[in-house]
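Here is what each chain is made of, one letter per residue.
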Amino acid sequence: MRCSRCLNTDEKFFYRGSNGWYCRKCVKFQGEDELDQQTNEVDPEYYLNFSLTNKQAEISHQLTKHVREGQSVLLEAVCGAGKTEIIFEMIADNLRNGKKVGISIARRQVVLEIAERLQAAFKNLKVVAVCQGHTKDVNGDLIVCTTHQLYRYRQYFDTLVIDEPDAFPFKGNSTLQGIAKNSCRGAFVYLTATPDDELKNNKSLKKLYLSKRPHGHDLCVPDVLIGPKLFLIFKGALWLMEELKQHKKVLLFVPNKKTGRNLYQLMKIFINCCHIDSESEDRDRVIKDFKNDKYDLCISTSVLERGITISNVQVLVWLADSGVFDEAALTQIAGRVGRNKNYPDGECLFLCNSRQRSVEHCIESIVRANND
Ligand SMILES: [Zn+2]
């Protein structure tokens, strides 16, 4: 027996209800909508207000070719390498051939941001973002959704892009992965800066690698300070003051909500700051305001570790060794720095109580990409 929604085959999850068998694993993913099954004539032309670097263009071309041949691909691109723009040609190629393309991302915040960027580029398409709070309209020429929403699109896509497959909650979640597998009848494209071993060792995937950002500057290698908490508070405060004095924005990552809220209560007395965690109701507005320079400091849990681009931001991590941040998370966090071509450099400081392998591996992987 196999669940038709999440592809689960583990018998212990199957139960017999009054309407027949059901799968307990994916029971909360219910109520598929009417989907637009026909392929509409669309104009897949897109506009970029910059041109791809030679390396980006080459990878974009290879990606398009592999996908056209029905090949699934792992595209590994360092943080800020412009992986979203690299997939544009592949998307256009699919649409020209009457194929349905979906882009799915674990995190809601990133869905909204990427949908906006895609709509700006593909002006003549209807791009829909489908995620919590945005589920009224699930039909469009190009669908951007959270991995949670893929259950609505059973066997629907010809090509499915999974952005950040190594991110929570998609990583290691067999239900979400089964639903994703079930939503696409053709090629998968995995995009990430930090692929896990499972993806790296998957022989059925074509591998593409982009180690340079379009502006050609090196990735920011974080500074690491190790010591007792009082020492870290003192050093962290000095560092923060120095950055703010130079009118630079700072993103401060904390390992949990409680620390974030306490720090916010304290710091808002002295600093023009905002605060975000997974329960913040006005998250979208706060992020927008922070991007628009309304705040000097943003205190965040790991909800902002990926996918967010904030121009000219510096990064501070409180207790980077806490275990909440694994190597991939730390690499992503450091990758927030220097993404804009006008501000290609910046600073990142990890404050740690003790030496930690995740921190060391993160630094090593960044240095390796810079030397590539
Ligand atoms: Zn199921």
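Reading guide: rules and limits
Residues numbered from 1 in each chain as written. Predicted model: local features only at pLDDT ≥ 70, side-chain atom pairs only at ≥ 80, totals over all residues. Heavy atoms only, no water. Core = buried A, V, L, I, M, F, W, Y, C linked by side-chain atoms within 4.5 Å. Buried < 20%, exposed > 50% of the residue type's maximum accessible area, 1.4 Å probe, protein only. Helix = DSSP H or I, 4+ residues; strand = E, 2+ residues; numbered from the N terminus. Domains from an automatic or database assignment. Contact = heavy atoms within 4.5 Å. Disulfide = S-S within 2.5 Å. Donors = N, O, S within 2.8 Å, 3.2 Å for Na, K, Ca; no water. Tetrahedral: all angles 85-135°; square planar, octahedral: opposite > 155°, others 65-115°. Pairing = 2+ DSSP bridges. Axes fitted to C-alpha atoms, helices over the stretch in contact; angles between N-to-C directions.

(A) Up close: the nonpolar core. Ile 91, Leu 118 and Phe 350 are the most contacted members of the largest nonpolar core, which has 69 residues in total. For this core, the element with the most residues is helix α4 (residues 108-121), which contributes seven residues. The residue makeup of this core includes at least three contributed by each of domain 1 (42-210) and domain 2 (223-281 + 290-371). The residues contacting Ile 91, other than those within four sequence positions of it, are Val 101, Ile 103, Leu 118, Phe 122 and Leu 142. Ranked by size, the runner-up nonpolar core spans 31 residues in total, among them Leu 35, Leu 176, Ile 179 and Tyr 190.

(B) Quick look at helix α10 (residues 327-334). Across the eight residues that make up α10, a large majority, seven, are buried. Within α10, the full set of buried residues consists of Ala 328, Ala 329, Leu 330, Thr 331, Gln 332, Ile 333 and Ala 334. The inward-facing, buried residues of α10 contact β8 (184-192), β11 (249-253), β14 (313-318), β15 (348-352) and α11 (357-371).

(C) Quick look at the state of the cysteines. Applying the stated criterion to the full structure yields zero disulfides. The closest cysteine sulfur to the non-disulfide-bonded Cys 273 is located on Cys 274, 6.9 Å from its own sulfur.

(D) Fine view of the coordination of the zinc ion. Distances from the zinc ion to its protein donors, Cys 3 (SG), Cys 6 (SG), Cys 23 (SG) and Cys 26 (SG), fall within 2.3 to 2.4 Å. Bound by four donor atoms, the zinc ion shows angles of 103 to 112 degrees at the metal and therefore tetrahedral coordination geometry. Each donor residue of the zinc ion belongs to the same chain, and together they define the spacing C-x2-C-x16-C-x2-C. Here Cys 6 is found in the segment before β1 (14-17), whereas its partner Cys 26 is found in the loop between β2 (20-23) and α1 (54-68), with 20 residues between them in sequence. Taking relative accessible area as the criterion, Cys 6 reaches 3% and is therefore assigned buried.

(E) Quick look at the sheet that holds β15. In spatial order, the strands read β10-β15-β14-β11-β13-β12; together these six strands make up an open sheet with parallel pairing. Single-partner strands in this sheet number two, and they are β10 (223-226) and β12 (273-276). Taking each pair of neighbouring strands and ignoring which way they run, the sheet shows an average axis angle of 15 degrees. Note: β14 against β15, four bridges, orientation parallel. Bridging from a neighbouring strand, Leu 316 pairs with Leu 349 of β15. Along the sheet face, helix α9 (residues 283-291) touches β11, β12, β13 (297-300) and β14 and points at about 145 degrees away from the line of β12. Strands β11, β14 and β15 of the sheet are contacted by α10, whose axis makes an angle of about 145 degrees with β15.

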